[in-house]
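# Chain and residue survey
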Amino acid sequence: MTSFLNRQDSYQEYDYFPGDAYPGDHHSLRLRRLSSGRSIHNIPHYNPSLSDGGDSEDDNQGQPRELRSLPRHMAIKKAKLKSRGIQVPVLSKAEMWKQDKLKKLQKLQNKAREILFFLALWGKTLQKIGGNFGGGVQSYFLFLRFLVILNFVSFLLMAGFVIIPSLVFRQVGVSFMNSNSTGEEICTVYEPNPPGLVVFYDYFLNLLSGTGFMEYSFMFYGYYNNTMVEDRNFSYKIPLAYLFTAIFYFAFCLICIVTRMGSAARVAVATGGSTAVNYSMIVFTGWDYGCLGDTATKLKQKNLLYRLQVDLEEERLKKHAASLTLLQKFGLHSLRLLMFLLVLGLNIAAFFGIFYATRYSQAQQNQSAGIQALFYEYLPSVVISAGNFLVPLLCDQIAKVERYSPSITVIVALLRAVVLRFVSLGVLLFTLWDQITCKGKINDLKCMLCGYNYESYPCWETRVGQEMYKLTLFDLLINIALLVLVEFPRRMVVDNWSSKISQLVGRQEFVVSSSVLGLVYSQTVVWTGALFCPLLPLINTVKFVILFYCKKITLFSNCRPPQKTFRSTTSAFFFLVVLLLGWMLASVVLIYSIAVIRPSLGCGPFRFSDNMWSVVPKSLYSLPLVTQEFLFFLGSQAFTIPLFSLSSLVMFYVIALFSIYGKSVRLLRQQLKGESRDKQFLVKQIGELSQ
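Reference entry: report on the structure contained in this document. Quantities reported herein were computed from a predicted structural model and do not represent experimental measurements.

Turning our eyes to something else, we now look at the state of the cysteines. By definition, a disulfide links two cysteine residues through a covalent bond between their sulfur atoms. In this structure the tally under the stated criterion is 3 disulfides. Disulfide pairing is shown between Cys187 and Cys450; the S-S distance is 1.7 Å. As the torsion about the S-S bond is roughly -80°, the Cys187-Cys450 disulfide counts as left-handed. Remark: Cys450 occurs in the loop between α14 (445–448) and α15 (460–496) and Cys187 occurs in the loop between β1 (175–176) and α7 (200–209); sequence separation between them is 263 residues. The buried category is assigned to Cys450, whose relative accessible area is 2%.

And the structure:
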């Protein structure tokens, strides 16, 4: 009876609706739309004389119901607050001014985010790629965009501190730093542009090889002098700026990679490798409520569909692997071991080919001219590109036999190709080092006079920069040639020639692992050559922009959606790990070049130094005495030991927090699993009782 009276009271408060239905019935949606257009006179007014059905029932239980949870109009809730004696807080003018400023600031932030979303580089294109081809393919283009921005910012850094000051100082009178060279005068002779007539097509050959008019330009190391500008309140040394800019460039790239790895790791840890967790994230947090228009909505739906397919495929393969017998597992692991040995043999063959091609190329460069000289100069690049194309292609076919899951297949293929490309680059650098330093023997006849092989490498830094420049340029030409000569003809043959062969070949799939590895390899080449070719980050930026549009064209025109998708969260983190390995390889080259090898005596800003790092102590002693004492204190044991102790304490504290949070996460996951089992048990019990 009481509940009936309560319903009557509630009907009385909602008597402004047509009919006697409660607003929660099927008429509520239509009534909300109608009520939105009403005037303010139609807003219901709270009558305190009427009994509150929502509160009476709760009053009987001793606990009044919270007003926020009541199905009442906002005007009625405000009137009820006043009738209960609860005063609405009155703000002062200062507080109202603060709230108004906070609201305006929040609106400004939202507008800025919207503008940044529309100004984001290739934002709509990336959304379209993710909707049509899944998150795995989209992760490649996101990675490419990250590298484009990284290279462009790096170029601004190099231009601001090295390139532009060097160009300006050449136009004004500057002084050269004192020469304390112990070498002979013949070692200081460097003539990259010998006098004489130049045939017109030689300019094109020089552009491809980085020689001739390009060798002594601000493109390469040999162009920069050991100039110094001093004034009463201003001092600028090109050698010091050149060295510290290169070091800061590497540190900046490391910070960007680690920061991006942190965000990718959080997503990977959140999923935890669990299909149930991934499914929950997709269902409850996967939708983007900022989708604009039907096209963006359909693309987002396709993207979620791909992600669900990935989880289902991973779960199916896990169940299949768990159902294998002991004999089947032994056969599978034996097959994988055999394939591993085959891949190792292919890599060793590629390494020997690169080593002998580089030695032969360096020996023949000074004995030929014209097109033949260009061929010998590009011979290492051709062999490296051929090995990087053929060996991963064979490794992809081998990976199909090994029967890994799609995500593991991508990682395994990427690891194999990483070893090939990084070691091939290492073989090239080792061959150059072997000839520049006379196999590390300073007492050799070729290296005794100048400290390096001056006869073959009068400016060895420029020669290394030219090799990295040729690798970067040749990689871009290969990608464009594959697009024009292979991918487009394949699509035309498959679409216009109906035969069993064309149906068997079909349209190509976009192979994410090899494409990502190409980006990592290109970026590693740029890091390796940035010290010797300051404009290489700009060249790589232009290359990656061209590569983005080439890959976009071939993706939408020549490729079909992948038959087997893979999880993009794990792959995105692994891509950055591989990029970090490339950074470490380039860092070894940077440290060795700065600290060990003697700079060329005839070119560059370090021409009269024993090594590149020696300019730092010399510049340190020219500083004021107070600054010297402070810097010496930073390098003393009195500062480093407490700093190391404090860092150890912070590290142990972070490790302890990590272990505690890890245990908490594991306990929560176990509780979730237990609750899911309880729900399944209750559902079974209800089903049995209903029967």
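Relative to the helices and strands, Arg421 resides in helix α13 (residues 406–436). Buried charge Arg421 goes without a salt bridge, the closest partner of opposite sign being Asp475 at 4.7 Å.

On the surface, a cluster of nonpolar side chains totalling about 720 Å² of accessible area is made up of Leu337, Phe340, Leu341, Leu344, Ile348, Phe352 and Tyr356. Mapped onto the fold, Phe352 is located in helix α11 (residues 326–364).

With the rule as written, the count across this model stands at 26 aromatic pairs. Measuring from centroid to centroid gives 5.0 Å for Tyr140 and Phe141, while their planes differ by 85°, and the two rings are edge-to-face. Measuring from ring centre to ring centre gives 6.5 Å for Tyr221 and Phe606, while their planes differ by 15°; the resulting arrangement is stacked. Linking Tyr221 in the loop between α7 and β2 (227–230) with Phe606 in the loop between α19 (568–595) and α20 (615–621), this pair joins segments that are 385 residues apart in sequence. You can call Tyr221 buried: its relative accessible area is 0%. We note Lys128 situated over the ring of Phe556; from NZ or CZ to the ring centre the distance is 5.1 Å. Note that Arg421 overlies the ring of Tyr521, its terminal NZ or CZ placed 5.2 Å from the centroid.

Rules used throughout
Residues numbered from 1 in each chain as written. Predicted model: local features only at pLDDT ≥ 70, side-chain atom pairs only at ≥ 80, totals over all residues. Heavy atoms only, no water. Disulfide = S-S within 2.5 Å. Helix = DSSP H or I, 4+ residues; strand = E, 2+ residues; numbered from the N terminus. Buried < 20%, exposed > 50% of the residue type's maximum accessible area, 1.4 Å probe, protein only. Lys, Arg positive; Asp, Glu negative; His and termini not counted. Salt bridge = Lys/Arg side-chain N within 4 Å of Asp/Glu carboxyl O. Patch = residues over 30% accessible without salt bridge, like charges linked within 9 Å, V, L, I, M, F, W, Y side chains within 5 Å. Areas by Shrake-Rupley, 256 points an atom, 1.4 Å probe, with all protein chains shown as cover. Phe/Tyr/Trp six-rings, centres within 6.5 Å; stacked < 30°, edge-to-face > 60°. Lys NZ or Arg CZ within 6 Å of the ring centre and 35° of its normal.

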